[in-house]
Each structure stands twice: as C-alpha cells, then as structure tokens.
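# A structural walkthrough
These are the residues of each chain, in order.
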Amino acid sequence: MAGFGYERARDELVNVVKILEQGGLDLDESLALWERGEALANRCEEHLAGARKRVEEALHRTDLEERQ
C-alpha cells in the first residue's frame, strides 16, 4: 500500500466503506476490512499532508521573491 497514489488509495477506501455499510460480513471480515480502511485513510492523509507542505513551500518562495 506504500506505493499507492492518492487516487488509488481514495478509490479503494470508498469501496471498503461501501462494503462495510452493506453489512452482512462476519466480525473477523469486518475488522480486517476496517483495518484496511484505516491504512488506506492514513495513506490518503500522508498524500494530502505532502501536498499541503508543497503548496506552503511554494507560497513561501513566492513571498520571498516578491520581497526582493
């Protein structure tokens, strides 16, 4: 999962949520799916945090360039 891009992780997370919402799984299957969902959500958050950092750095560089 470490190699998943944001879109792939998000799409798989959406599928996990749909399956969990449908119900009908036994407890072990539900827990395994929930754990996968948590891992996918964390992967998405890593991508978003990285994107946020890149935007902040770009804005900072722009601000420095405008001051010169």
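Structure shown above.
The rules behind each value
Each chain has its residues counted from 1, running along the sequence as written. For a predicted model such as this one, the threshold for reporting local features is a pLDDT of at least 70, and the threshold for listing and counting side-chain atom pairs is 80 or more; totals across whole chains, interfaces and linings nevertheless cover every residue. Side-chain numbers here rest on the full set of heavy atoms in the structure, without hydrogens or water. Helix and strand definitions here come from DSSP, where helices need a minimum of 4 consecutive H or I residues and strands a minimum of 2 consecutive E residues; each element is numbered from the N-terminal end. Charged residues are defined narrowly, with Lys and Arg counted positive, Asp and Glu counted negative, and His plus the chain ends left uncounted. Positions of charges follow a simple convention, taking NZ of Lys, CZ of Arg, CG of Asp or CD of Glu. One fewer than the residue count of a helix, multiplied by 1.5 Å, yields its expected span. When accessible area is computed with a 1.4 Å probe and restricted to protein chains, residues below 20% of their type maximum are described as buried, those above 50% as exposed, and intermediate ones as partly exposed. In this analysis, two residues are considered to be in contact whenever any of their non-hydrogen atoms come within 4.5 Å of each other. Whenever two N or O atoms come within 3.5 Å, that pair is a polar contact, provided that in protein one can donate a hydrogen and the other can accept it, and provided that, for residues adjacent in sequence, both atoms are side-chain atoms. Residues grouped as a nonpolar core are buried Ala, Val, Leu, Ile, Met, Phe, Trp, Tyr and Cys residues, joined through side-chain atoms within 4.5 Å.

## Brief notes about the overall build of the protein
Tallying secondary structure elements over the protein gives two helices and zero strands in all. Summarising its shape, the C-alpha atoms of the protein cover approximately 65 × 20 × 15 Å along the three principal directions. The average position of the 10 basic charges and that of the 16 acidic charges among the side chains of the protein differ by 7 Å.

## Looking at helix α2 (residues 27-67)
Since the α-helix turns once every 3.6 residues, residues separated by three or four places project in the same direction. Its 41 residues give α2 an end-to-end C-alpha distance of 59 Å, which sits within 8% of 60 Å, the value for a rise of 1.5 Å per residue. Regarding α2, the residues found buried are L33, G37, L40, R43 and C44. Where α2 is buried, its residues meet α1 (6-22). The N-cap residue of α2 is D26: its side-chain oxygen and the backbone nitrogen of D28 are 3.2 Å apart.

## Brief notes about α1
Taking 1.5 Å of rise per residue, the 17 residues of α1 would be expected to cover 24 Å, and the 24 Å separating its terminal C-alpha atoms lies within 8% of that figure. Directly after α1, the chain includes G23, whose backbone phi takes a positive value near 75°.

## Describing the environment of N42
Its location among the elements puts N42 in helix α2. Classification of N42 by relative accessible area gives partly exposed; the value is 46%. Note: C-alpha distance between N42 and A9 (33 residues apart in sequence) is 9.2 Å.

## Some details on the nonpolar core
Of all hydrophobic cores here, the largest spans six residues; its members are F4, A9, V16, L33, L40 and C44. Listed by contribution, the elements that provide at least two residues to this core are α1 and α2. In terms of residue count, α2 provides more of this core than any other element does, three residues in total. Those residues in contact with F4 that lie beyond four places of it in its chain are A9, E12, R36, L40, R43 and H47.

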